[in-house]
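Each chain is listed here by its residues.
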Amino acid sequence: NTCSQNSKRRGNRKSDRHGARNQDRHKHFAKWILDKFPHVVRECSSSSLSSSTEEATMKNMHVLDIAGGKGELSARLALCHSLRVVMIDPRPADVASVYLNSVVPK
C-alpha cells in the first residue's frame, strides 16, 4: 500500500532535477575519460604519426560515443583534444554548432 502511494505521489510531483545541474556533464565526462584512460590521447590523436605496423593500427583507433545526443562530448574530444571520435545516435548532430554553442563558452 505504501509503495502504491509513493508511486502516485511521484507521478504528480515535479522532478527535483533541473537541467542546469547537468549542463556541464560532457565537460566532466571528457575530463574523466582523459584522466582514466591517458593512452586514449596517444592512440586516438589525429595528429599522431605512425612508423610501425603497431603504431599504424593504433592510428586507426577511435573513441566511440554511443548515444551521443547533441554531440557535446564528441565535439569536446574531437575539437579540444584532437581525438578521432565516432558518434552513434539516431538523431543527426551538428558538431560545429554544438561546439560553438555548448563547448566554447565553458
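Scroll up for the structure.
This section reports on the structure supplied with the text.

Procedures and definitions
- Residues numbered from 1 in each chain as written.
- Predicted model: local features only at pLDDT ≥ 70, side-chain atom pairs only at ≥ 80, totals over all residues.
- Heavy atoms only, no water.
- Core = buried A, V, L, I, M, F, W, Y, C linked by side-chain atoms within 4.5 Å.
- Buried < 20%, exposed > 50% of the residue type's maximum accessible area, 1.4 Å probe, protein only.
- Helix = DSSP H or I, 4+ residues; strand = E, 2+ residues; numbered from the N terminus.
- Contact = heavy atoms within 4.5 Å.
- Pairing = 2+ DSSP bridges.
- Right-handed = clockwise from strand over helix to strand, strands pointing away.
- Patch = residues over 30% accessible without salt bridge, like charges linked within 9 Å, V, L, I, M, F, W, Y side chains within 5 Å.
- Areas by Shrake-Rupley, 256 points an atom, 1.4 Å probe, with all protein chains shown as cover.
- Salt bridge = Lys/Arg side-chain N within 4 Å of Asp/Glu carboxyl O.

1. Notes on the nonpolar core
Alright, step 1. Ranked by size, the top nonpolar core spans 9 residues in total: Ala-30, Ile-33, Leu-34, Val-40, Cys-44, Val-63, Leu-73, Leu-77 and Leu-83.
Alright, step 2. Among the elements of the structure, α2 (25–36), α3 (39–44) and α5 (72–81) are those that each provide at least two residues to this core.
Alright, step 3. Examining the composition of this core, we find that 3 residues originate from one element, α2, more than from any other.
Alright, step 4. Sequence-distant contacts of Leu-34, that is, excluding residues within four places in its chain, are made with Val-41, Leu-77, His-81 and Leu-83.

2. Things to note about the pairing of strand β2 (residues 85–88)
Alright, step 1. Sheet topology note: the strand β1 (residues 63–66)/β2 ladder contains 4 bridges and is parallel. Residue pairing in the sheet places Leu-64 in a bridge with Val-86 of β2.
Alright, step 2. You can see the chain leave β1, run along α5 and come back into β2, and the turn it takes is right-handed.

3. Considering unusual backbone geometry
Alright, step 1. Here Ala-67, not a glycine, exhibits a phi torsion of approximately 60°, which is positive.
Alright, step 2. As for its position among the elements, Ala-67 is in the loop between β1 and α5.

4. A word on a nonpolar patch on the surface
Alright, step 1. A cluster of nonpolar residues, Leu-64, Ile-66, Val-86 and Ile-88, forms a patch on the protein surface that exposes about 370 Å² of accessible area.
Alright, step 2. Of all the elements in the fold, those that place two or more residues in the nonpolar patch are β1 and β2.
Alright, step 3. Relative to the helices and strands, Ile-88 is located in strand β2.

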